[in-house]
Amino acid sequence: MKVYLVGGAVRDKLLGLPIQEKDWVVVGSTPEEMMKLKYRPVGKDFPVFLHPETHEEYALARTERKTGKGYTQFVFHASPDVTLEEDLKRRDLTINAIAEENGKYIDPYHGQEDIKHKLLKHVSEAFIEDPVRILRVGRFLARFYYLGFSVAPETLKLMQEMVKLGEVDALVADRVWQEMDRALGEKNPEKFFEVLEQCGAVNILFPYIKSPPNFKNGKSSIRFAYLFLNNNQENIEFFCKQYPVPVYYRELAILANQYHSTSAKTPEDIIALLEKLDAYRRPERFDDVLTFLADAKRLKSSYENTKAIDIRPLQEKGLEGKNLGDAIHQERIRKLKD
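Remember, it's a predicted structure, so these values are computed and weren't measured experimentally. (Residues numbered from 1 in each chain as written. Predicted model: local features only at pLDDT ≥ 70, side-chain atom pairs only at ≥ 80, totals over all residues. Heavy atoms only, no water.)

### Points about the overall build of the protein
Move 1: The helix and strand inventory of the protein stands at 17 helices and 11 strands.
Move 2: The C-alpha atoms of the protein give 26 Å as radius of gyration, which overshoots the globular expectation for 338 residues (20 Å, by more than 25%).
Move 3: C-alpha atoms of the protein, sized along the principal axes, occupy 85 × 45 × 35 Å.
Move 4: A separation of at least 24 residues holds for 64% of the contacts in the protein among residues at least 6 apart in sequence.
Move 5: Of the roughly 17,300 Å² of accessible surface on the protein, 47% is carried by carbon and sulfur atoms. (Helix = DSSP H or I, 4+ residues; strand = E, 2+ residues; numbered from the N terminus. Rg over C-alpha atoms; globule rule 2.2 N^0.38 Å. Contact = heavy atoms within 4.5 Å. Areas by Shrake-Rupley, 256 points an atom, 1.4 Å probe, with all protein chains shown as cover.)

This is the structure we're talking about:
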């Protein structure tokens, strides 16, 4: 039984980046032996175990064979005779197919060379079997573009072939959204969409997203809303039904699209807009909406000046329900005028 550090931890170490989590591959072992050593099994499709103390993931070395279209149609083979090189060969990119043992790198597919030349390159022709890898290439470019990385021409060509073969049509919504959401949190999320456009996948997966902007804010929900500026609510609603988009993302995208060009100058108009944006009840979301509004400073100042209204005198007058709401509205206008 031999254990190797693999994947992102090795890649990020070679890039001089902080290591977020560690994954390990185990060669020459069995599920029974792992459980005798107190590792806890967590994998259903293939044997993955949690270390009894660190709780890091340890996966038995495995190979895989595609049995149908899409990314779920695979048969996995994990046994003591599977070699480290065979396990690394099934991985997506060469920069993710490097192992480390006691400070020594095992790099049969020249990932270190591709790190040196800043290339995202597929490990083998088996890349074409898993359409999720198209999304992952886009996400990794979004993450590492600032370091100078690009997609190897031969890898982009394979991705284009995958689209032509209809592999992208077999992707499930949950996995597409998972990769897109992660890409929105990277340094250059526009590169995710550019890669998908170059290989022909963007019109299949995201037909309502045209010319992604250069995102200004690092918050994923705000970046999502930027995708739909100058679009229409129907397209936003359709997209959010097609994919498991969080409710907050959807709300922010609709509000940003609806009000980003709205101008409010009189106290009456300003208070009306603040109330439409639900600023007084949802101040955190209001702060995010302000990212898109032309007169954000004035609206923020107006909100601060009118957010504290003493409603007790109004209640003492017997006002309630709609009448109380109307009175609060007028009190906000009066306070803003003062």
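The structure having been displayed, the exposition proceeds.
### Considering the nonpolar core
Move 1: In this structure, Met180, Leu205, Phe206, Phe224 and Phe239 are the most contacted members of the largest nonpolar core, which totals 86 residues.
Move 2: With 8 residues, the top contributor of residues to this core is helix α5 (residues 132–144).
Move 3: Each residue touching Phe239, except ones within four places of it in the same chain, is listed here: Trp177, Met180, Phe206, Ile209, Phe224, Phe228 and Val245.
Move 4: Of all hydrophobic cores here, the second largest spans 13 residues; its members include Val25, Val27, Tyr109 and Val123. (Core = buried A, V, L, I, M, F, W, Y, C linked by side-chain atoms within 4.5 Å. Buried < 20%, exposed > 50% of the residue type's maximum accessible area, 1.4 Å probe, protein only.)

### Describing the pairing of strand β2 (residues 23–27)
Regular strands place side chains that alternate from one sheet face to the opposite one.
Move 1: Counting buried positions over the 5 residues of β2 gives 4, a clear majority of the element.
Move 2: In this sheet, β2 lies alongside strand β1 (residues 2–6) in antiparallel orientation, the contact comprising 5 bridges. Following the sheet pairing, Leu5 is matched in β2 by Trp24.
Move 3: Strand direction decides the pairing type here: β2 and strand β5 (residues 57–60), joined by 4 bridges, are parallel. Across the sheet, the residue bridging to Val26 is Leu60, located in β5. (Pairing = 2+ DSSP bridges.)

### As for the pattern of salt bridges
Move 1: Taken as a whole and assessed by the stated rule, the structure comprises 27 salt bridges.
Move 2: The partner of Arg90 in a salt bridge is Asp87, and the shortest N-O contact between them spans 3.3 Å.
Move 3: Connected via shared salt-bridge partners are Asp287, Lys300, Glu304 and Lys307. (Salt bridge = Lys/Arg side-chain N within 4 Å of Asp/Glu carboxyl O.)

### Some thoughts on the environment of Ile204
Move 1: Structurally, the position occupied by Ile204 is in helix α9 (residues 202–205).
Move 2: Between the C-alpha atom of Ile204 and that of Lys219, which follows or precedes it by 15 residues, the distance is 26 Å.
Move 3: Ignoring anything within four residues of it in the chain, the contact list for Ile204 reads Val163, Val168 and Asp169.

### Regarding the packing of α5 against helix α8 (residues 190–199)
Move 1: Contact geometry of α5 with α8 gives a least axis separation of 7 Å together with a crossing angle of 140°. With respect to their mutual orientation, α5 and α8 come out oblique. Crossing of α5 against α8: the hand is right-handed. In this structure, α5 contributes Ile134, Leu135, Val137, Gly138, Arg139, Leu141 and Ala142 to the contact, and α8 contributes Lys191, Phe192, Val195, Leu196 and Cys199.
Move 2: Looking at the contact of α5 with α8 residue by residue, the class counts come to 9 nonpolar, 1 polar and 2 charged. (Axes fitted to C-alpha atoms, helices over the stretch in contact; angles between N-to-C directions. Parallel < 35°, antiparallel > 145°, perpendicular 65-115°, else oblique. Left-handed = near helix turned anticlockwise from the far one by under 90°. Nonpolar A, V, L, I, M, F, W, Y, C, P; charged D, E, K, R; others polar.)

### Quick notes on the packing of helix α1 (residues 8–15) against α5
Move 1: Axis separation between α1 and α5 bottoms out at 14 Å; the angle between their running directions is 30°. When the axis of α1 is compared with that of α5, the two are roughly parallel. As for the relative orientation of α1 and α5, their crossing is right-handed in sense. Residue-level contacts link Arg11, Asp12 and Leu15 of α1 to Phe140, Arg143 and Phe144 of α5.
Move 2: Grouping the amino acids of the contact of α1 with α5 by side-chain chemistry returns 3 nonpolar, no polar and 3 charged.

### Overview of the sheet that holds β1
Move 1: In space, the 7 strands of this open sheet follow the order β3-β4-β5-β2-β1-β8-β9, with mixed pairing throughout. A strand with exactly one partner marks an edge of an open sheet, and here the two such strands are β3 (40–41) and β9 (104–106).
Move 2: In the packing of α1 onto the sheet, the strands contacted are β1, β8 (99–101) and β9, and the crossing angle to β1 comes to about 55°.

### Focus on the pairing of β1
Move 1: Here β1 runs beside β8; their pairing, made up of 2 bridges, is antiparallel. Across the sheet, the residue bridging to Val6 is Ala99, located in β8.

### Concerning the packing of aromatic side chains
Move 1: Enumeration over the complete set of coordinates arrives at 20 aromatic pairs.
Move 2: Relative to Phe206, the ring of Phe192 lies with its centre 6.4 Å away and its plane at 45°, an arrangement referred to as tilted. Taken together, the positions of Phe192 in helix α8 and Phe206 in the loop between α9 and α10 (220–226) put the pair 14 residues apart, joining distant regions of the chain.
Move 3: Plain terms: the ring middles of Phe224 and Phe228 are 5.2 Å apart, the flat faces sit at 55° to each other, and that makes the pair tilted. (Phe/Tyr/Trp six-rings, centres within 6.5 Å; stacked < 30°, edge-to-face > 60°.)

So far we have only geometry, and geometry alone does not tell us how the molecule works.
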